[in-house]
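Examining the three-dimensional arrangement
Letter by letter, the chains look like this.
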Amino acid sequence: MREEVVGVTRWRVVAAVLAPALAAATILGLAMAKGALALSFVAQSGSVDLVTAGVTGDQFGVAVVSAPVGADRRKVPAARIGVGSGRIDGLCIAHRVDLLGRPFTLLITGGDADRATHEIAVDRLVLDVTDVRADIAAGGEVQVNKNAADVLRGAVELGGTRDSFGLQAQTVRLRDVRATVRDIVIPDLRDVPNFRVEILAGTRSCP
Amino acid sequence: MRVRCRRLVPLVLVGMLAVGTAAGAAPWVPSADPVPGFLPEATPVRVRAPDVRISDLAAIVEDQPIALAGGKRSPGGTVMLRFARIELDQVTLDQNRAGFTLAITDGGSGSKAASIGGTGGTVELWGVLRSLRICLSAGCTDVRPLVPLLPSLIASGRLPKVIRGEDLDIDIYALRAKAPAGDFGLRLPGGRVTVTGR
């Protein structure tokens, strides 16, 4: 690992998975260029929690998808959530796995403690979830039971399974989000204060 | 008493209709907007709520089947409803498919209920009604036999601004909500979305 200080912010840049055993349970890609992060997180096993105090954005879509999981790439249904251009109020991802008979938690966190700010800019956010709780508000023209294959995130198809449920809206506001996720993709993650990636012994949860 | 109330509500509605007709009510004119403006999925979403409140009911039209994905059409009993807003207490939306169930729920009621639409907004839905009891001054009754009367009552302007309903159970093939600028057309304050394999 290499540490790089940018202004008053200390960044820990991780170019690959941290340990061979953890690689079997997690595929985590982080790349940094020009001050922005590209985050891609695919859970191969174990449970993954995502917590954020809020998400606001536009070009909002929800579509049922069949996502491959596990070593055998068995397809499992999930709800794919897409936001074209958005901002997040704090971020925490906790991936709990058993390695060599012992529990570990991969913990990714970032953000400030101010609930009044959505300090993290995210564009083209995609989450595959099996369970999400939130105060949900969708605005503009809302279309419910849209053919999932036609649901867009901006001008791009969300990848919904044909002849499945979809929802489309022009804007979205989510508060107090707690989700169980399979995949997280944030191609353009910017302005993340206090960004940390840690591997912790034991079973940990997002606050 | 319950049987008497059930008989009274239709009589009250017929009375309202007679007055409205005598006053020369204007006929309902269908919207010029595309129906419904997107291609719906062929399997409906089942929406259930023990208590609902419908604001500014503007239209209810029978026999409005719509085109669905895969070259299919919704059943002949599809009704189209147009209103400004609906609040739904303890609502569940679920869709059972081969291998999994999608569920969207909100356990809130009253001021914390889920809602679709808003003041000055428009909600249109196409669905097949399994049950709904509307509650007027004379009591609550099954709305389905009364659907042929409702368009004239709406045109007469004699329905309450907010209609309370019980035991809503409807298969929705498509729903479109437009809210005024700055407002939200869909709110689930205590929302939960789950996808469960079966």
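Residue numbers restart at each chain and count upward from 1, following the sequence in its written direction. Chains and ligands are labelled sequentially in the order written, the chains with letters from A and the ligands with numbers from 1. The model is predicted, so local features are restricted to residues of pLDDT at least 70 and side-chain atom pairs to those at 80 or more, both for listing and for counting; the totals for chains, interfaces and linings are taken over all residues. Hydrogens and water molecules were not included; the side-chain quantities draw on all heavy atoms of the structure.

1. Quick look at the overall build of chain A
Looking only at helices and strands, one finds 1 helix and 14 strands in chain A. Here chain A holds 207 residues, and 55% of them are scored as buried. Sequence-distant contacts, at least 24 apart, represent 74% of the contacts inside chain A between residues at least 6 apart. All accessibility values rest on the Shrake-Rupley procedure with a 1.4 Å probe; residue burial counts only the protein chains present in the view. Roughly 9200 Å² of accessible area belongs to chain A as shown, and the carbon and sulfur atoms make up 53% of that amount. The numbering of helices and of strands both runs from the N terminus, where a helix is a DSSP run of H or I of at least 4 residues and a strand a run of E of at least 2. Accessible area is worked out with a 1.4 Å probe on protein chains only. A residue is then buried under 20% of its type maximum, exposed over 50%, and partly exposed in between. Note on definitions: a residue-residue contact is assigned when non-hydrogen atoms from the two residues lie within 4.5 Å.

2. Details of the overall build of chain B
Each helix and strand counted, chain B has 2 helices and 11 strands in total. Counting from the amino terminus, chain B carries its helices and strands in the arrangement α-β-β-β-β-β-β-β-β-β-α-β-β. Looking at chain B as a whole, 49% of its 198 residues are labelled buried. Roughly 9200 Å² of accessible area belongs to chain B as shown, and the carbon and sulfur atoms make up 56% of that amount.

3. Here's the deal with the interface of chain B and chain A
At the junction of the two partners, chain B supplies 36 residues and chain A supplies 30 residues. Note on definitions: buried area is the accessible-area loss of two parts on being combined, 1.4 Å probe, summed for both. When chain B packs against chain A, close to 2600 Å² is buried across both sides, 58% of that on carbon and sulfur atoms. Broken down residue by residue, the surface that chain B buries against chain A is led by B:Phe184, B:Leu186 and B:Val195, which jointly contribute 21%. Residue B:Arg192 is joined to A:Asp131 by a salt bridge in which the shortest nitrogen-to-oxygen separation is 2.6 Å. Salt bridges are counted wherever a side-chain nitrogen of Lys or Arg sits within 4 Å of a carboxyl oxygen of Asp or Glu.

4. Observations concerning the side chain of A:Gln168
All names here are of chain A. Position of glutamine 168 relative to the elements: it lies in strand E13 (residues 166-190). What makes glutamine 168 buried here is its relative accessible area of 11%. N or O atoms closer than or at 3.5 Å make up a polar contact, with two conditions inside protein: a donor-capable atom paired with an acceptor-capable one, and, for residues adjacent in sequence, both atoms drawn from side chains. A polar side-chain atom of glutamine 168 sits 3.1 Å from the main-chain carbonyl oxygen of phenylalanine 60. Separated by 2.7 Å, the side chain of glutamine 168 and the backbone oxygen of leucine 152 make a polar contact. Discounting chain neighbours no more than four positions away, the residues touching glutamine 168 are Phe60, Gly61, Glu141, Val142, Gln143, Lys146, Asp150, Val151 and Leu152.

5. Notes on the state of the cysteines
Residue and element names in this part refer to chain A. The disulfide criterion used throughout: a pair of cysteine sulfur atoms within 2.5 Å. Inspection of every chain in the model, using the stated rule, returns 2 disulfides over all chains. With its sulfur 2.1 Å from that of its partner, cysteine 92 forms a disulfide with cysteine 206. For the disulfide bridge between cysteine 92 and cysteine 206, the dihedral angle about the S-S bond is near -90 degrees, and by the sign convention the bridge is left-handed. Here the residue cysteine 92 occupies a position in strand E7 (residues 91-99), and cysteine 206 occupies one in the segment after strand E14 (196-201), the gap between them amounting to 114 residues.

6. Focus on the confidence of the model for chain A
Residue and element names in this part refer to chain A. What pLDDT conveys is the predictor's confidence in a given residue, as a value from 0 to 100. Residue-level pLDDT values for chain A average 80, and 76% of them are 70 or greater. No element of chain A has a lower mean pLDDT than strand E2 (residues 9-13), which averages 33, and none a higher one than strand E10 (residues 141-144), which averages 96. Here residues 1-18 is a poorly scored stretch, pLDDT under 50, and it has 29 contacts once near neighbours within four places are set aside; other chains count.

7. What about the pattern of salt bridges?
All names here are of chain B. Tallying each qualifying case throughout the model produces 23 salt bridges over all chains. Arginine 176 serves as the salt-bridge partner of glutamate 124, at 2.6 Å between the closest nitrogen and oxygen. Taken together, the positions of glutamate 124 in strand E8 (residues 122-136) and arginine 176 in strand E10 (residues 162-178) put the pair 52 residues apart, joining distant regions of the chain. A residue is classified by how much of its surface remains accessible, and glutamate 124, at 5% relative accessible area, is buried. The salt bridge involving arginine 187 is made with aspartate 183; its shortest N-O contact spans 3.3 Å. For arginine 187, a relative accessible area of 29% puts it in the partly exposed group. Because the salt bridges share partners, they merge into one network encompassing Arg46, Arg130, Asp169 and Asp171.

8. Comments concerning the pairing of strand E5 (residues 91-97) of chain B
Residues and elements named next belong to chain B. Of all 7 residues making up E5, 5 are buried, and the element is well covered by its neighbours. Think of it this way: DSSP has to see at least two bridges between two strands before they count as a pair. The sheet contact formed by strand E1 (residues 45-55) and E5 spans 3 bridges and is antiparallel. Looking at the pairing, valine 47 lines up with leucine 93 of E5. Pairing between E5 and strand E6 (residues 100-106): 7 bridges, direction antiparallel. By the bridge assignment, leucine 93 is partnered in E6 with isoleucine 104. Taking the residues that link successive antiparallel strands as the turn, the E5-E6 hairpin has 2 residues, and the phi of glycine 99 there is positive, at about 95 degrees.

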